[in-house]
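Here is how the chains run, residue by residue.
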Amino acid sequence: MKFQKSFILIFFAVSILFALGLYTVYTVVKEKIIQDMNFSQTVLARQAATGIKDYVSNVTGTLNYLSLFPEIIESNSFGKKIMSNYQMINSDEIKSVTRMNAKGKIIFTFPYIESIGTDISYQDHVRLSMKTHKIVVSDVFNTVQGFRTVAVHAPVFKNGHYDGTLAFLLSFDKIAQKYIENIRVKESGYGWVVSENGIEISSPFLGHIGKNVYETYKDFPEIISLINETHKGEEGVTAYHYHSGRDTSGENVIMHAVYKRVSFNNTFWSIVIATPEDEITATLSGFRTNLLFVIIALLLLFMIFMYLIVRFQVIVEEQRKRESVLTDLRESESRYRYLFEQNPVPMLIYELDGLSILAVNDAFVAHYGYSNEEALTMLLTDLYPKHEREKISDFTKTLKGHAYAGEWHHLKKDGTQIIIEAHSHRFSYECRASRVAVINDLTERKRIEESLKENFLKFKTLFEINPDAIFITDANTLEIYDCNQVACVMNGYSHEELIGRSINILHLEQTTKIVDDAEGRHQFIEYLQHHNSVTQESIHRRKDGTLFPIETSMCLLTLDGRQFVMGIDRDITERKRAEDELKKYHEHLEEMVYDRTAELKIAKERAESADRLKSAFLATMSHELRTPLNSIIGFTGILMKGIAGPLNDEQQKQLGMAKGSAHHLLDLINDVLDISKIEAGQLVVSFNTFDYGKTLKNIVVTVQPLAEKKEIKIQLGISNDVIEINSDERRIGQVLLNLINNAIKFTDHGTVKIDCQVIDGNVITKVIDTGIGIKNEDMSKLFKPFSQIDTGLTRNHDGTGLGLSISQKLIEKLNGTITVESEAGIGSIFTVTVPL
Amino acid sequence: MKNKILIIEDNEQNMYMLTYLLQNENYEIIQAYNGTTGIVAAKESTPDIILLDIQLPGMDGYTVAVKIREIEKLKQTPIIAVTSYAMPGDKEKAIESGASGYIEKPINPDTFVSQMEAFLPRELLLKRGNLL
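Here the residue index of a chain counts from 1 through its sequence in written order. As they are written, the chains are lettered A onward and the ligands numbered 1 onward, keeping that order. For this predicted model, a pLDDT threshold of at least 70 governs which residues receive local features, and a threshold of 80 or more governs which side-chain atom pairs are given and counted, while totals over whole chains, interfaces and linings are taken from all residues.

Observations regarding the overall build of chain B
Next up, step 1: Helix numbering and strand numbering both begin at the N terminus, where a helix is a DSSP run of H or I of at least 4 residues and a strand a DSSP run of E of at least 2. Helix and strand counts for chain B come out as six helices and five strands.
Next up, step 2: Starting at the N terminus, the α and β elements of chain B follow one another as β-α-β-α-β-α-β-α-β-α-α.
Next up, step 3: Exposure criterion: with C-beta atoms placed from backbone coordinates, a residue whose C-beta has 20 or more other C-beta atoms within 10 Å is buried, one with 12 or fewer is exposed, and one in between is partly exposed. Burial status across chain B gives 34% buried among its 132 residues.
Next up, step 4: For the purpose of contact definition, each residue receives a C-beta atom placed from its backbone, and two residues are in contact when these atoms lie within 7 Å. Nonlocal contacts in chain B, meaning residues at least 24 apart in sequence, comprise 59% of its contacts between residues at least 6 apart.

Some words on the overall build of chain A
Next up, step 1: Counting its regular elements, chain A contains 21 helices and 27 strands.
Next up, step 2: Here chain A holds 836 residues, and the buried ones make up 25% of them.
Next up, step 3: Put simply, of all contacts in chain A between residues at least 6 apart along the chain, 54% involve residues at least 24 apart.

So, helix α5 (residues 172–180) of chain A
Next up, step 1: Along α5(A), the positions that sit buried rather than exposed are Phe172(A), Ile175(A), Ala176(A), Tyr179(A) and Ile180(A). Seen end-on, α5(A) carries its buried residues on one side only, within an arc spanning 95°. The arc under discussion is defined with respect to the helix axis, by the directions toward the C-beta atoms.

Quick look at the nonpolar core
Next up, step 1: Val152(A), Phe168(A), Leu170(A), Ala257(A), Ile271(A), Val272(A) and Ile273(A) are the most contacted members of the largest nonpolar core, which totals 58 residues.
Next up, step 2: Broken down by element, this core gets its largest block of residues, eight residues, from helix α1 (residues 2–66) of chain A.
Next up, step 3: Structurally, this core is a two-domain feature, drawing no fewer than three residues from each of domain 1 (24–54 + 183–280) and domain 2 (67–174) of chain A.
Next up, step 4: With residues up to four places along the chain from it excluded, the contact list for Leu170(A) reads Val59(A), Glu93(A), Ile94(A), Lys95(A), Thr149(A), Val150(A), Val152(A) and Ile175(A).
Next up, step 5: Within the second largest apolar cluster, 33 residues are counted, among which are Met17(B), Leu52(B), Val64(B) and Ala81(B). Put simply, a nonpolar core is a cluster of buried Ala, Val, Leu, Ile, Met, Phe, Trp, Tyr and Cys residues tied together by C-beta atoms within 7 Å. For each domain, the first and last residues come from an automatic or database assignment.

Structural notes on the packing of helix α17 (residues 573–641) of chain A against helix α18 (residues 649–679) of chain A
Residues and elements named next belong to chain A.
Next up, step 1: Interhelical geometry of α17 versus α18 gives an angle of 160° and a closest axis separation of 10 Å. Regarding the angle of α17 to α18, the classification is roughly antiparallel. Note that α17 runs across α18; the crossing there is left-handed. From α17, Lys-614, Ser-615, Leu-618, Ser-622, Leu-625, Arg-626, Leu-629, Ile-632, Ile-633, Thr-636, Leu-639 and Met-640 reach across to α18, where they touch Gln-652, Leu-655, Ala-658, Lys-659, Ala-662, Leu-665, Leu-666, Ile-669, Leu-673 and Ser-676.
Next up, step 2: Within the contact of α17 with α18, the residues separate by chemical class into 14 nonpolar, five polar and three charged. Between N-to-C directions, angles span 0 to 180 degrees; the directions come from axes that are lines fitted to C-alpha atoms, helices contributing only their stretch in contact. Just so you know how the angles are binned, under 35 degrees is roughly parallel, over 145 roughly antiparallel, 65 to 115 roughly perpendicular, and the rest oblique. The sense of a crossing depends on the near helix, which, turned anticlockwise from the far helix by less than a right angle, makes the crossing left-handed and, turned clockwise, makes it right-handed. The classification used treats Ala, Val, Leu, Ile, Met, Phe, Trp, Tyr, Cys and Pro as nonpolar, Asp, Glu, Lys and Arg as charged, and all other residues, Gly among them, as polar.

Thoughts on the pairing of strand β10 (residues 268–276) of chain A
Residue and element names in this part refer to chain A.
Next up, step 1: Taken across its nine residues, β10 has eight buried, putting it largely inside the fold.
Next up, step 2: For two strands to count as paired, DSSP must find a minimum of two bridges between them. The pairing of strand β6 (residues 190–195) with β10 spans six bridges and is antiparallel. Residue Ser-195 lies in a different strand from β10, and its bridge partner there is Trp-269.
Next up, step 3: In this structure, strand β9 (residues 252–263) lies alongside β10, joined through nine bridges in antiparallel fashion. From the neighbouring strand, Ala-257 faces β10, where its bridge partner is Ala-274.

Topic: the environment of Thr819(A)
Next up, step 1: Mapped onto the fold, Thr819(A) is located in strand β26 (residues 817–823).
Next up, step 2: Along the chain, Thr819(A) and Thr833(A) lie 14 residues apart, while their C-alpha atoms are 8.5 Å from each other.

Quick notes on the sheet that holds strand β1 (residues 94–100) of chain A
Two strands in a sheet stick together by hydrogen bonds in their backbones, pointing the same way (parallel) or opposite ways (antiparallel).
Residues and elements named next belong to chain A.
Next up, step 1: An order of β2-β1-β5-β4-β3 is seen for the five strands of this open sheet, with the pairing classed as antiparallel. Sheet topology places β2 (106–110) and β3 (136–142) at the edges, where each strand pairs with a single neighbour. Within this sheet the neighbouring strands show an average axis-to-axis angle of 20°, counted without direction.
Next up, step 2: Two elements, β3 and strand β4 (residues 148–158), share five bridges in a ladder whose sense is antiparallel. In the strand pairing of β4, Asn-142 is matched with Arg-148.
Next up, step 3: Against the sheet, helix α3 (residues 77–89) contacts β1 and β2, and its axis sits at roughly 160° relative to β1.
Next up, step 4: Lying over the sheet, helix α4 (residues 124–132) contacts β1, β3, β4 and β5 (161–171), oriented at roughly 20° with respect to β4.

Side note on the sheet that holds strand β13 (residues 402–411) of chain A
Residues and elements named next belong to chain A.
Next up, step 1: A sheet is described by the order of its strands in space; here five strands give the open sequence β12-β11-β15-β14-β13, paired in antiparallel fashion. In this open sheet, the two strands that pair with only one neighbour each are β12 (357–360) and β13. Pairwise comparison of adjacent strand axes, ignoring direction, gives a mean angle of 30° for this sheet.
Next up, step 2: One ladder, built from three bridges, connects strand β11 (residues 347–351) with β12; its direction is antiparallel. Residue pairing across strands places Ile-349 opposite Ala-359, the latter belonging to β12.

Side note on the packing of helix α3 (residues 61–70) of chain B against helix α4 (residues 90–97) of chain B
To characterise two packed helices, one gives the angle between the axes of the helices and the distance between these axes.
Residues and elements named next belong to chain B.
Next up, step 1: Where α3 meets α4, the axes come as close as 8 Å, and the angle between the chain directions of the two elements is 25°. Here α3 is positioned roughly parallel relative to α4, judged by the angle of their axes. Touching Tyr-62, Ala-65 and Val-66 of α3 are Lys-93, Ala-94 and Ser-97, all from α4.
Next up, step 2: The residue makeup of the contact of α3 with α4, split by class, is four nonpolar, one polar and one charged.

So, the confidence of the model for chain A
Next up, step 1: pLDDT measures the predictor's confidence residue by residue and takes values from 0 up to 100. Chain-level statistics for chain A give a pLDDT mean of 84 and a share of 96% at 70 or above.
Next up, step 2: Scored below 50 in pLDDT, residues 791–796 of chain A makes two contacts in the model with residues more than four places away or belonging to other chains.

Structural notes on the environment of Pro111(A)
Next up, step 1: By the element assignment, Pro111(A) lies in the loop between β2 and α4.
Next up, step 2: For Pro111(A), the contacting residues outside a window of four places in its chain are Gln87(A) and Ser96(A).

Section: the environment of Asp124(A)
Residues and elements named next belong to chain A.
Next up, step 1: Checked against the element boundaries, Asp-124 lands in helix α4.
Next up, step 2: A residue is classified by how many C-beta atoms lie within 10 Å of it, and Asp-124, with 12 of them, is exposed.
Next up, step 3: For Asp-124 and Asp-139, which are 15 residues apart along the polypeptide, the C-alpha to C-alpha distance reads 9.3 Å.

Focus: the pairing of β6(A)
Residue and element names in this part refer to chain A.
Next up, step 1: Here β6 lies mainly inside the structure; six of its six residues are buried.
Next up, step 2: Residues Tyr-190, Trp-192 and Val-194 line one face of β6 and the alternating positions Gly-191, Val-193 and Ser-195 line the opposite face, and both faces are buried.
Next up, step 3: Relative to strand β7 (residues 200–202), β6 runs antiparallel, the two being bridged by two bridges. By the bridge assignment for β7, Val-193 is matched with Ser-202.

So, the confidence of the model for chain B
Note that predicted coordinates carrying low pLDDT should not be read in detail.
Next up, step 1: Predicted confidence across chain B gives a mean pLDDT of 87, with 92% of residues reaching 70 or more.
Next up, step 2: Predicted complex, confidence summary: ipTM 0.80, pTM 0.36.

Brief notes about helix α2 (residues 35–45) of chain B
Residues and elements named next belong to chain B.
Next up, step 1: Every buried residue of α2 is accounted for by Gly-35, Gly-38, Ile-39 and Ala-42. The arc that holds the buried residues of α2, viewed along the axis, is 100°, so those residues lie on one side. Opposite its buried face, α2 presents the exposed residues Thr-37, Val-40 and Glu-44, each directed more than 90 degrees away.
Next up, step 2: The inward-facing, buried residues of α2 contact β1 (4–8), β2 (28–32), β3 (49–52) and α3.
Next up, step 3: Just beyond α2, the residue with positive phi is Thr-46, at close to 45°.

As structure tokens, this is what we get:
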């Protein structure tokens with residue numbers, strides 16, 4: 001697995017990084033520890049050096065002190081006594097006391113008195129002493145008596161001349177014991193001492209003592225180099241390979257060493273302290289091992305942890321996938337269950353072995369009438385009528401995979417037999433070998449097919465017995481698809497000759513032929529599509545070449561997705577002939593009408609132009625008459641106002657008459673203008689909503705002064721329901737004013753009564769007076785222009801005689817009426833009726 | 001200072017009548033007997049109100065009203081058509097040409113001045129003391 005591979009790689013990388021880090025830390029710490037160790041060793045070496053130096057200084061001091069004694073210089077008996085006593089007291093450290101003369105011959109020695117008289121001038125240090133006359137310290141050497149010793153010679157002067165030496169033989173073992181051998185560093189670190197001459201003075205390896213190091217360590221160049229180094233400086237640090245002090249036979253180990261020089265007058269010793277590295281770093285190594293262990297453990301834990309985390313994720317992911325698959329499965333199952341249960345087509349599942357029904361869907365229950373429970377107790381064969389049961393039972397055995405079972409009969413619960421066809425498919429239902437079957441009820445379809453067949457026969461009969469020729473033509477190719485017998489006879493072709501040929505063979509060349517190209521046919525079809533049925537006349541040509549007129553009704557029909565044109569042709573030879581006759585008459589008539597119309601048109605134009613002339617004349621007349629009237633009325637008014645000076649009563653009266661006449665003339669002009677406007681059709685009325693009662697009251701108020709002047713009482717009665725009406729307020733006002741004015745004008749005594757109410761959606765206003773009335777014979781003239789009844793030289797009443805005529809025209813324009821009832825000498829009733 | 005009225009009227013009698021009537025009401029009258037001089041006079045004198053006859057020799061009253069309205073300082077000046085044209089549409093035609101009002105001839109001397117003053121700006125009337 002990829003994940004594991006990368007996981008291992010990561011683990012190794014982490015481990016290596018850890019190891020490198022650890023190694024670096026370890027090296028640094030180790031170095032530091034060795035440095036510290038070397039420092040400690042140096043301190044030890046210095047202590048040892050100081051100790052040895054002090055000890056030798058003490059010995060030298062004593063020697064110098066004793067050598068000043070005359071007895072010792074003379075070496076007489078007292079002197080000998082002092083020397084032997086001193087040796088005895090300090091015998092632990094001082095192995096012998098010797099007095100040597102200037103020639104190198106022992107004068108006295110104790111305790112090895114047998115050596116008295118021996119010449120020791122051959123010894124190097126003795127010769128040096130004799131030569132330098134100074135204190136000399138010897139190398140370690142073995143005495144004749146067989147112990148290791150160091151000789152210290154102090155010069156003795158007699159009367160200022162050199163007279164040999166006083167010497168002590170010091171027990172070097174004691175010195176070594178005191179200052180060197182007790183040095184222990186770690187487990188097996190040790191100290192050893194080398195003289196200037198390379199003689200090993202002290203060593204834990206006893207065999208080395210007194211021997212030349214160049215000889216002893218000739219195979220260890222590192223140690224030789226260390227010895228060489230001691231010749232160069234006071235102290236230093238170095239390292240070499242050698243077997244450790246604890247195990248001389250073992251492997252060589254790294255020894256970390258320091259050296260320190262102890263200087264004497266004539267020579268020096270070098271103290272070396274060395275410790276094996278493994279011991280120095282033992283703690284660290286132990287710690288290192290533990291640390292390594294801990295880290296490895298941690299790494300292992302980390303790896304396991306990482307592995308577990310990744311493993312966990314993988315498990316979670318797998319779990320998720322599994323759940324998603326499960327969900328899919330469930331969905332799929334529910335989908336298929338839904339497909340089965342909610343399928344609008346009846347379905348059932350039956351077991352192959354035994355043919356028992358295992359499941360049916362809702363559509364099955366609905367279609368067959370069996371309940372679900374009933375169906376589950378049935379066998380497949382129970383659905384079939386008796387004669388088919390055995391056959392179906394055998395048939396099911398032959399079914400494999402997906403199969404079409406063909407047409408069968410099924411019985412519903414109520415016993416109705418239906419025709420079905422079934423498709424079935426092999427299927428495992430609840431671990432049982434089954435088949436799922438889809439059932440199509442064909443009963444209805446069969447019935448429709450039957451009825452179609454019947455319809456077809458009906459149609460065919462109608463098609464054939466129709467007295468008109470019927471063509472069914474392919475709309476796209478114009479080929480004749482079918483035609484009836486009448487069509488064949490009418491056109492002189494046999495049925496076979498016509499079928500498959502273009503309909504255009506019947507048409508007279510280039511006249512009514514349908515354009516036989518794609519665009520033409522397309523336009524033709526489109527035209528038919530927009531018109532349910534099209535009727536046109538055309539000329540057909542029979543097979544024998546004779547021509548005859550026909551009337552064709554065409555419509556578009558679609559059969560089996562193909563577009564057809566159905567054309568019904570009728571021979572109209574006879575009709576055409578009749579029509580031609582009619583046409584002749586018709587044409588004559590048209591001529592006559594045309595002539596008459598022309599005449600009328602001229603007359604009309606003449607009349608219209610006369611009307612226009614009349615209007616223009618009236619307009620001009622009106623203007624021309626008004627201009628002088630303006631002067632008359634204006635100046636009369638100004639004069640009567642007295643602006644130009646006061647008038648006397650007679651002047652006032654006469655001007656009043658002039659003013660009255662002028663106003664009468666103005667009224668006349670206005671009325672004539674109104675009449676002309678009405679007659680010229682120029683009168684415009686404008687409809688508005690207004691309060692009829694209020695208008696009527698206002699008019700009564702304006703005529704009140706006139707009535708009062710004639711001592712006539714006005715009675716006004718307006719019923720409450722007279723409210724707003726939609727009409728022309730100004731014109732209505734004009735009419736009412738005219739009528740009321742007339743009533744007052746023609747009444748000398750009594751009352752004028754005005755009564756207004758609403759009846760059947762009309763406002764009806766009656767103006768009733770007790771005036772002179774109208775004679776029956778005058779009634780017809782009443783509404784004619786200029787027809788004031790009382791014509792003649794003795795005109796008692798003002799007015800133009802146009803008022804009633806105008807009023808009637810206006811009211812008619814407002815869709816109303818004016819009527820009058822009157823009796824001469826009693827009074828008149830004028831009734832105005834206008835719609836609300 | 002008197003308020004100025006420009007009267008454009010070709011009929012001498014009418015001119016005389018209006019002048020007489022209005023001078024009596026303490027107005028200063030400027031007279032013009034045709035449209036062309038009327039426009040010039042209006043431009044020069046800036047009257048407070050213009051009385052305009054419609055039937056004039058040469059340029060008719062409608063055209064005069066249009067021309068006067070084209071003059072910036074006379075845009076708001078009341079122009080009253082005083083005319084004997086009483087056919088349908090005459091009044092509408094006058095208003096369309098720019099007239100503010102319309103008084104039909106023959107005039108009524110008793111009411112003419114108040115009819116005219118109805119078109120004067122309020123502050124002018126206040127100044128004249130004709131407005132309560």
